[in-house]
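Each chain is listed here by its residues.
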Amino acid sequence: MGTLMVSTEWSANEFSEGFGMQLSKGGILIGLGIVACLTQSAQASRFAVASGRTGSPGSGGATCRGCHGSTVGTGSVEILGMPDNYQANAVYDLTVRVSDATKLGAGFQISAEDAAGNHIGTLSVIDAVNTALNTGVYLNHTSNGVDAAVTGWAANGNSVSYPARWTAPSTDMGTVTFWAAGNAINNNFSSSGDIIYLTSKSASFIAVPAVSTWGMVVFTLCVMTAGTIVAGRGRPSLVPVPAE
């Protein structure tokens, strides 16, 4: 039987773009561990999104740039559909739109917080296939969502729009800021070559004026009076004048 010889050392050129020096067996194992870790991290951002990556106070300022880098791009992330003022218990359907003409798809994450980082109101899912709640207070893409974004990227003008719903709190909670992060990807299933976009939009509370009881009475009387006048209208009649 022949003997199989296995080398325990590889040169830098022999080890997938290498580390610039000859590596021992132990070094190779460490290098493979690093590569596996980076690959797992890249896959996780697509299949298991980490919570708290919007750059908000509640996330401690953390963003996806920790893994995907800080490259400045020409695209953007937008929060659409949010008015400047919110009312108690009102429901707002929002859209998080990520665009970048140099990329092939995108994911996102959004949160609604006050200045102290407390999550305000309730974010909920509209599209259960492409979006999901994360720890109950963040809303982000799913792997299906990213796949759909890649499929429709060119047809949608090199962009993707994710729906989100926010229900305002029942009382005045002051200014609420929506924080969103968009990850425009090159679809190479790694963290390299992606661009992270960040944005925020604030809304202030506005109360709906209450109608007093007397106000309702006056309003009702006005409507009734107007109705009586309209109902009483008819053709003018001629009243004979007695001769003198």
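That block above? That's the structure.
Calculation criteria
- Residues numbered from 1 in each chain as written.
- Predicted model: local features only at pLDDT ≥ 70, side-chain atom pairs only at ≥ 80, totals over all residues.
- Heavy atoms only, no water.
- Helix = DSSP H or I, 4+ residues; strand = E, 2+ residues; numbered from the N terminus.
- Buried < 20%, exposed > 50% of the residue type's maximum accessible area, 1.4 Å probe, protein only.
- Contact = heavy atoms within 4.5 Å.
- Pairing = 2+ DSSP bridges.
- Polar contact = N/O pair within 3.5 Å; in protein donor to acceptor, adjacent residues only side chain to side chain.
- Axes fitted to C-alpha atoms, helices over the stretch in contact; angles between N-to-C directions.
- Disulfide = S-S within 2.5 Å.
- Salt bridge = Lys/Arg side-chain N within 4 Å of Asp/Glu carboxyl O.
- Phe/Tyr/Trp six-rings, centres within 6.5 Å; stacked < 30°, edge-to-face > 60°.
- Core = buried A, V, L, I, M, F, W, Y, C linked by side-chain atoms within 4.5 Å.

1. Quick notes on the overall build of the protein
Here is step 1: In terms of regular secondary structure, the protein is built from four helices and ten strands.
Here is step 2: Taken from the N to the C terminus, the helices and strands of the protein come in the order α-α-β-β-β-β-β-β-β-α-β-β-β-α.
Here is step 3: In the protein, which comprises 244 residues, the proportion classed as buried is 31%.
Here is step 4: Summarising the internal contacts of the protein: among those between residues at least 6 apart in sequence, 67% fall at separations of at least 24.

2. A look at the pairing of strand 3 (residues 91-99)
Two faces belong to every sheet, and in a regular strand the side chains alternate between them.
Here is step 1: Both strand 1 (residues 76-80) and strand 3 contribute to a ladder of five bridges, which runs antiparallel. Residue pairing across strands places Glu78 opposite Arg97, the latter belonging to strand 3.
Here is step 2: Of the strand pairs in this sheet, strand 3 and strand 8 (residues 159-167) are connected by nine bridges, and their pairing is antiparallel. Its bridge partner lying in strand 8, Val91 is registered against Thr167.

3. Here we look at the side chain of His141
Here is step 1: One can find His141 in strand 7 (residues 138-141).
Here is step 2: At 2.9 Å, the side chain of His141 forms a polar contact with the backbone nitrogen of Phe108.
Here is step 3: When neighbours within four sequence positions are excluded, His141 is seen to be in contact with Ser45, Arg46, Val49, Gly107, Phe108, Asn130, Thr131, Val146 and Tyr162.

4. A few points about the pairing of strand 8
Here is step 1: Bridge count between strand 5 (residues 122-124) and strand 8: three bridges; the pairing is antiparallel. Its bridge partner being in strand 8, Leu123 is matched across the sheet by Trp166.

5. Let's talk about the sheet that holds strand 5
Here is step 1: In spatial order, the strands read 1-3-8-5; together these four strands make up an open sheet with antiparallel pairing. What marks the edges here is a single partner per strand, and that holds for strand 1 and strand 5. Sheet twist, expressed as the average angle between the axes of neighbouring strands with direction ignored, equals 25°.

6. Brief notes about the state of the cysteines
Here is step 1: Here the structure, examined in full by the defined rule, presents zero disulfides.
Here is step 2: Unpaired in this structure, Cys64 has its nearest cysteine sulfur neighbour in Cys67, at a distance of 7.8 Å.
Here is step 3: Look at Cys67 and you get partly exposed, because its relative accessible area is 48%.

7. Details of the pattern of salt bridges
Oppositely charged side chains are able to pair whenever their charged atoms sit close together.
Here is step 1: Summed over all chains, the structure comprises three salt bridges.
Here is step 2: Between Asp93 and Arg165 there is a salt bridge, and its shortest N-O distance comes to 2.6 Å. Of this pair, Asp93 sits in strand 3 while Arg165 sits in strand 8, and the two are 72 residues apart along the sequence.
Here is step 3: A relative accessible area of 43% means that Asp93 is categorised as partly exposed.

8. Observations concerning the packing of aromatic side chains
Here is step 1: Applying the stated criterion across every chain, the model contains five aromatic pairs.
Here is step 2: Geometrically, the ring pair formed by Phe108 and Tyr162 is stacked, given 4.6 Å between the ring centres and 25° between the ring planes. Placement of Phe108 in strand 4 (residues 105-113) and of Tyr162 in strand 8 is noted, with a sequence separation of 54 residues between them.
Here is step 3: When its relative accessible area of 2% is taken as the criterion, Phe108 is described as buried.
Here is step 4: Exposure remark for Tyr162: the relative accessible area of 2% places this residue in the buried category.
Here is step 5: When the centroid spacing of 4.9 Å and the interplanar angle of 85° are considered together, the rings of Trp166 and Phe178 count as edge-to-face. Of this pair, Trp166 sits in strand 8 while Phe178 sits in strand 9 (residues 176-185), and the two are twelve residues apart along the sequence.
Here is step 6: These aromatic residues form a ring-pair network of at least three members: Tyr86, Tyr92, Trp166, Phe178 and Phe205.

9. Section: the side chain of Gln109
Here is step 1: Here Gln109 shows up in strand 4.
Here is step 2: From its side chain, Gln109 meets the backbone oxygen of Ala50 in a polar contact 3.0 Å long.
Here is step 3: For Gln109, the side chain forms a polar contact with the main-chain nitrogen of Arg53, separated by 2.8 Å.

10. Points about the nonpolar core
Here is step 1: Core analysis: the biggest nonpolar cluster contains 32 residues, and Met82, Tyr86, Tyr92, Ile110, Trp166 and Phe178 have the highest contact counts within it.
Here is step 2: Elements with a contribution of two residues or more to this core: strand 1, strand 3, strand 4, helix 3 (143-152), strand 8, strand 9 and strand 10 (195-205).
Here is step 3: At five residues, the largest contribution of residues to this core is made by strand 9.
Here is step 4: Those residues within four positions of Ile110 in sequence are excluded, and the remaining contacts are Thr54, Ile79, Val96, Leu123, Val137, Tyr138, Leu139, Phe178, Trp179 and Ala180.

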